[in-house]
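# Summary of structural features
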Amino acid sequence: MSVSSNISQEDNKINIVVNERFDFSLHQQFRDAYSQCTTKKFNYALDLSQTEYMDSSALGMILLLKDHVDMYEGTLVILNPSDTVNKILTIAQFHRLMTIER
Amino acid sequence: MKEYSSQQKKALVVDDSSSQCAMLSTLLKEEGYEVIIANDGACGVKQYIKHEPDLVLMDINMPVMDGYEAARQIKGFSGDSLAPLIFITSMATEQAFIDSVDAGGDSILIRPFSPQVFKAKIKSIQRISDLYQQVKDLQKEQQQDAELAEKMISDVIESRNFALDKIGVIKQAATIFSGDIQLSSLCPNGDLHVLLGDFTGHGLRASIGAIPVTETFRVMTRKGFSLLDIVAQINRQLYHLLPNDLFFSACFVCISEHDKSAYVFNAGLPDGYVFSESAAIKHHFPSIHPPLGILSKLLTDVELIVVSIEANEHLVLITDGIIEVRNEQGEEYGISHFENAAKIGMLNNDIATNVLTSLKQFCASMSQEDDISLVDIPCSGWQDNLQDNQINQVHIPETYTSECAFYDVSPTWSWHLILTDKLLSTVNPIPIIMNQINDIEGAGEHWHSLYTILTELFINALDHGVLELDSSLKESVDGFSQYFKERSKRLEKLSFSNRKQEFISIELSYFPFEQGGKMQINVKDSGQGFDIYNVLKNNSLAQNEGIKLSGRGIELVNQLCDTLDYQENGTFVEASYVWYNTQH
């Protein structure tokens, strides 16, 4: 699986990890990783440390995740993007839209 | 589709045994087929080419050419149609089954079989074949629709661009539709607006937003809206139009030959560049805002980047497709390859061709994954024709004075607008005024000069009157961006000012005469005033020396106006613009 997620109900946390290529082919998998989680005020972390490549449709998927998080009043943080991935996030100025921790 | 299924279907039977042929023929005819017979593989292939049957029944062991070879050849000819082929054999072995599939057979039928089993087999294979044909037809239809839509979209988008011959362009779409668009349009004051944008994804899905963006960009540019107004409007439009995961990365540029400056707003594209005449990178324009269509409003702390430019320089914009091209080894083309190719191109006077050649060499036989776009804009030279026109437009009829004196008494209409405090920083009155004029008097070439006059008078009243900016700031080359920064700062303050009320009042009166007309323009501001004569005197001096950058606005207005009179210490200006219809 290229997308894996790990929900910890006690800590109100969900951790999503995307491996290698983050592109349109992961659309459904990526959605499935968080769409079941409808608890309010949850803390979402998207770990991109294993992601080697990301295209613009991946940015779109992150925006959909952000919508989901906002709808359930949660928080979202993007963790440890690699240099390549961070370059793409910077060009899209995503740090203006969400928290990115390196 | 109906025609296809109502025709009598043909079946080709290839078998060296005439009794087998006769038996299969009878069964096939009972099913409504017209039957063609061949007694060896080679003959079978010939008959296939001649009759293009809907179904082939093939024996395996035959003289001259066996069934496997005949099947291979037939499949080689059948091209786009499925042409189902069934092997008929008494060899009930695993190997026969595997070989027949390898040779291209779609099914195998082992003798002996009952007529019912045979007919069932034919039906099932024909069902698959029909389905295949349906898919093929749909695919063809879709392809035609897509080509038509693509043609329409590119007609709307590219063919109406301004100065196509002057602006260098690379545009290569990964699929039939490109998510990339390139627009150029001329402002009423002669500035050039250029947009390079990239919608998320590819194909029709990525092209939907292209038409509204194009229309908005063109209409607002033509009406004289500022670059930032246009960016804000396109963002608003796309925010409502596009689904949440679709967005538009774009870089907007306004080049003013007159101010020798470029204004850039990069929302989500890779760095834009200014290359100097000697091919050095003079400026980078990094992305300063998330792509458009994501946020309901533009971020408020983001400003246009302003840089000064020289006539021989080039401004270059690219989409990420160029940087992300990969070669067979999986390496990215990358920024440094691109910059080098562009520099060499700058020296050879053809950036687009040079970058394209370099890209092709780099990726060799690899196919491109993303749309590839580049625009190369020369910083001058695209408005030669316009300036000639403008000179013709201000031709003043000899008889105007007496006529004017007569009409001066009562204008046919007048119009008055007063903007105060915060509105001075948020509202651009010029497009509003031009709209009014167009609504009342209709469109006309002579309004272009009026637009320039109004813009310059309003900017003077705002910058030097209300904001009390010193135009000497603009004198140095870097001063222009410094001036622009100071201006934004003071505009910001206007919104919170508790002092006296600041205002600019603009009043228009229109006097028609038989073959032209006169527009009387009065502009009053709340500032302390400035020494207009000094500015003008300096200008004439400066023009001779060819060095000064500031104050050209008033000089231009002076040339375009019939009368220009600054009063009340420079806080009130009375201007009149006269035109004469050259068409009789």
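The notes below deal with the structure included here. (Residues numbered from 1 in each chain as written. Chains lettered and ligands numbered in written order. Predicted model: local features only at pLDDT ≥ 70, side-chain atom pairs only at ≥ 80, totals over all residues. Heavy atoms only, no water.)

## Some thoughts on the sheet that holds strand S4 (residues 43-47) of chain A
All names here are of chain A. The condition that has to hold: Should DSSP find at least two bridges between two strands, the strands are taken to pair. Here a strand is any run of E in DSSP of at least two residues, a helix any run of H or I of at least four, and the numbering for each starts at the N terminus. Axis angles are defined between N-to-C directions and span 0 to 180 degrees, where every axis is a line fitted to C-alpha atoms and, for a helix, only to the segment in contact. Working rule for contacts: check all heavy atoms of both residues, and any pair within 4.5 Å makes them a contact.
Ordered in space as S1-S2-S4-S6-S7, the five strands form an open sheet in which the pairing is mixed. In this open sheet, the two strands that pair with only one neighbour each are strand S1 (3-8) and strand S7 (99-101). Adjacent strand axes in the sheet meet at a mean angle of 20° when their direction is disregarded. Looking at chain direction, strand S6 (residues 75-79) and S7 are connected through three bridges and run parallel. Across the sheet, Val-77 pairs through a bridge with Thr-99, a residue of S7. Running over the sheet, helix H1 (residues 27-35) touches S1, strand S2 (13-18) and S4 and is turned about 165° from S2.

## Here's the deal with the pairing of strand S20 (residues 572-580) of chain B
Residue and element names in this part refer to chain B. So the rule is basically this: Only protein chains enter the accessibility calculation, which uses a 1.4 Å probe; a residue is then buried when its area is under 20% of its type maximum, exposed when over 50%, and partly exposed in between.
Extensive coverage of S20 is indicated by the burial of seven of its nine residues. Taken together, the nine bridges between strand S18 (residues 516-525) and S20 define a ladder with antiparallel strand orientation. Directly across from Ile-521, in S20, lies its bridge partner Ala-575. One ladder, built from five bridges, connects strand S19 (residues 563-567) with S20; its direction is antiparallel. Across the sheet, the residue bridging to Asp-565 is Glu-574, located in S20. Counting the residues that bridge the hairpin from S19 to S20 gives four residues, and of these Glu-568 lies at a positive phi of roughly 50°.

## Notes on the packing of aromatic side chains
As a reminder of what qualifies: Within 6.5 Å between ring centres, the rings of Phe, Tyr and Trp (the latter by its six-membered ring) count as paired, and their orientation is classed by plane angle as stacked under 30 degrees, edge-to-face over 60, tilted in between.
Counted according to the given criterion, the structure contains ten aromatic pairs over all chains. Taking the centre distance of 6.1 Å and the plane angle of 65° together, the rings of Phe42(A) and Tyr44(A) count as edge-to-face. With respect to class, Phe42(A) is no different from Tyr44(A); both count as buried. Between Phe199(B) and Phe248(B) the ring centres are 4.2 Å apart and the planes differ by 25°, which places this aromatic pair in the stacked class. Of the two residues, Phe199(B) sits in strand S8 (residues 192-199) while Phe248(B) sits in strand S9 (residues 248-256), which places them 49 residues apart along the sequence.

## Quick word on the packing of helix H2 (residues 18-30) of chain B against helix H6 (residues 115-157) of chain B
All names here are of chain B. To be explicit about the condition: Any angle between 65 and 115 degrees counts as roughly perpendicular, while under 35 counts as roughly parallel, over 145 as roughly antiparallel, and the rest as oblique. The sense of a crossing depends on the near helix, which, turned anticlockwise from the far helix by less than a right angle, makes the crossing left-handed and, turned clockwise, makes it right-handed. Residue classes follow a fixed rule: Ala, Val, Leu, Ile, Met, Phe, Trp, Tyr, Cys and Pro count as nonpolar, while Asp, Glu, Lys and Arg count as charged, and any other residue, Gly among them, counts as polar.
Where H2 contacts H6, the axes come no closer than 11 Å and their chain directions differ by 60°. As judged from the angle between their axes, H2 and H6 are oblique. By crossing handedness, the relation of H2 to H6 is classed as right-handed. In this structure, H2 uses Leu-24, Leu-27, Leu-28 and Glu-30 to contact H6, whose residues at the interface are Pro-115, Phe-118, Lys-119 and Ile-122. Grouping the amino acids of the contact of H2 with H6 by side-chain chemistry returns six nonpolar, no polar and two charged.

## A short note on the interface of chain B and chain A
So the rule is basically this: By buried area we mean the combined loss of accessible area, with a 1.4 Å probe, across both parts when two parts are placed together. Put simply, a salt bridge is a Lys or Arg side-chain nitrogen that is within 4 Å of an Asp or Glu carboxyl oxygen. We define a polar contact as two N or O atoms separated by no more than 3.5 Å, with the added condition that, inside protein, one atom must be a possible hydrogen donor and the other a possible acceptor, whereas residues neighbouring each other in sequence contribute only through side-chain atom pairs.
In this assembly, 22 residues from chain B lie in contact with 20 residues from chain A. Across the chain B/chain A interface, buried area totals approximately 1,500 Å², and carbon plus sulfur atoms make up 60% of it. Area buried by chain B at its contact with chain A is led by Asn244(B), Asp245(B) and Phe247(B), which between them contribute 27% of it. Viewed at the interface, chain A and chain B are joined by one salt bridge. At the junction of chain B with chain A, the criterion picks out four residue pairs in polar contact (both at pLDDT 80 or more). Here the residues of the side of chain B that touches chain A are counted per class, giving ten nonpolar, six polar and six charged.

## Let's talk about the environment of Phe113(B)
All names here are of chain B. Relative to the assigned elements, Phe-113 resides in the loop between strand S5 (107-110) and H6. A relative accessible area of 16% means that Phe-113 is categorised as buried. Separated by 23 residues in sequence, Phe-113 and Ser-90 place their C-alpha atoms 9.9 Å apart. Sequence-distant contacts of Phe-113, that is, excluding residues within four places in its chain, are made with Met-23, Leu-24, Ile-88 and Phe-118.

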